[in-house]
Amino acid sequence: MTVPAEASLLNPVELFMAADWVVKSVMVGLALASLWSWAVILDKAFRFAALNRQADAFEATINGGRPLEEVAAQAGPNPTHALPRMLVLAVTDWRETRTKGALSDQQGHLLIARIDRALDSLIAREGQRIEEGLGVLSVVATASPFIGLFGTVWGIMNAFSAIAAAGNTNLTTVAPAIAEALFATAIGLAAAIPAYIAYNKFSIDAGKFTGRLESFADDLQAAVARRLGAPAAPQAQDHSDRRGL
């Protein structure tokens, strides 16, 4: 006949209260780490959703056939999203250079190289910004199981010491102490698994978004190169190239 488990073995509060101060410290630390990782997870989920939604809307505007200068003017001087900020940067540099007169081939190459460096710098800063917080998920995912294991080992050592002192190896005596120790490992895994999954997902999302920025930077450089290779045109003819600068 199977002896039913005591209610205290299935009650997290009872397990926590029965543990010694070292195991309690481990449990509290793991619980705080889990809350921290979930705050990062929720923040990143909303942030990436907003970034991609704004990028879709901006690319739809670009693909609608409006001139890039008009789109840049609508975005304003300091847009918050990276894509319109890249466009404003390229258009501003183009305008400042064109006001100095016609460009030679060497000046044109220098302009493209200058825009390329500026866009690369912007992409690098944006990549660092969107990856903020992923380090927290990485630390929680890798360290939590080992911290929980430490709490378990410590709890089992104390349990065996108490059992040896009592001289009683009955299962009803051993089970509560072992359950308290294993509860630390369970909390460590509960903290680590969501953090590990989220870290991998958001790392992939960050890479995809950075690739999206790099593709747009290539398109901007191609637009500048096309205009540099085209003959000078009157101001009224600027709108003939709907994707030009």
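Residues numbered from 1 in each chain as written. Predicted model: local features only at pLDDT ≥ 70, side-chain atom pairs only at ≥ 80, totals over all residues. Heavy atoms only, no water.

Caption draft 1: Just the overall build of the protein chain, in detail. Scanning the protein chain from N- to C-terminus turns up 7 helices and 0 strands. Overall, the protein chain shows an N-to-C arrangement of helices and strands of α-α-α-α-α-α-α. Scored against the burial criterion, the 245 residues of the protein chain give a buried share of 36%. Intrachain contacts of the protein chain at a sequence separation of at least 6 include 79% that bridge at least 24 residues. Summed over all atoms, the accessible surface of the protein chain reaches about 14100 Å², with 63% contributed by carbon and sulfur. (Helix = DSSP H or I, 4+ residues; strand = E, 2+ residues; numbered from the N terminus. Buried < 20%, exposed > 50% of the residue type's maximum accessible area, 1.4 Å probe, protein only. Contact = heavy atoms within 4.5 Å. Areas by Shrake-Rupley, 256 points an atom, 1.4 Å probe, with all protein chains shown as cover.)

Caption draft 2: Structural view of helix α2 (residues 21–63). Between its first and last C-alpha atoms α2 spans 62 Å; for 43 residues at 1.5 Å apiece the expected length is 63 Å, and the two agree. With its phi angle positive at about 100 degrees, G65 sits one or two positions after the end of α2. (Expected span 1.5 Å × (residues − 1).)

Caption draft 3: Structural context of the packing of aromatic side chains. Under the defined criterion, the tally for this structure stands at 3 aromatic pairs. Summarising the aromatic geometry, the rings of F48 and F202 are spaced 5.8 Å apart at their centres and angled 15 degrees between planes, so their arrangement reads as stacked. Residue F48 is located in helix α2, and its partner F202 is located in helix α7 (residues 171–229); the two are separated by 154 residues in the primary sequence. Summarising the burial analysis for this pair, F48 and F202 share the class buried. Each ring, one from F150 and one from W154, has its centre 6.2 Å from the other, and the planes form 40 degrees; the classification is tilted. Of this pair, F150 and W154 are both found in helix α6 (residues 134–166), 4 residues apart, which corresponds to roughly one turn of the helix. The exposure class assigned to W154 is partly exposed, which follows from its relative accessible area of 32%. (Phe/Tyr/Trp six-rings, centres within 6.5 Å; stacked < 30°, edge-to-face > 60°.)

Caption draft 4: Geometry of the pattern of salt bridges. Taken as a whole and assessed by the stated rule, the structure comprises 8 salt bridges. Notably, a salt bridge pairs E126 with R85, separated by 3.1 Å at the nearest N-O pair. Of this pair, E126 sits in helix α5 (residues 105–130) while R85 sits in helix α4 (residues 82–98), and the two are 41 residues apart along the sequence. Using a relative accessible area of 2% as the deciding quantity, one classes E126 as buried. (Salt bridge = Lys/Arg side-chain N within 4 Å of Asp/Glu carboxyl O.)

Caption draft 5: Structural context of the packing of helix α3 (residues 68–75) against α4. Where α3 meets α4, the closest approach of the two axes is 9 Å, and the angle between their N-to-C directions is 115 degrees. As α3 packs across α4, the resulting crossing turns out to be left-handed. Contacts between α3 and α4 pair L68, E69, V71, A72 and A75 from the former with P84, L87, V88, V91, W94 and R95 from the latter. (Axes fitted to C-alpha atoms, helices over the stretch in contact; angles between N-to-C directions. Left-handed = near helix turned anticlockwise from the far one by under 90°.)

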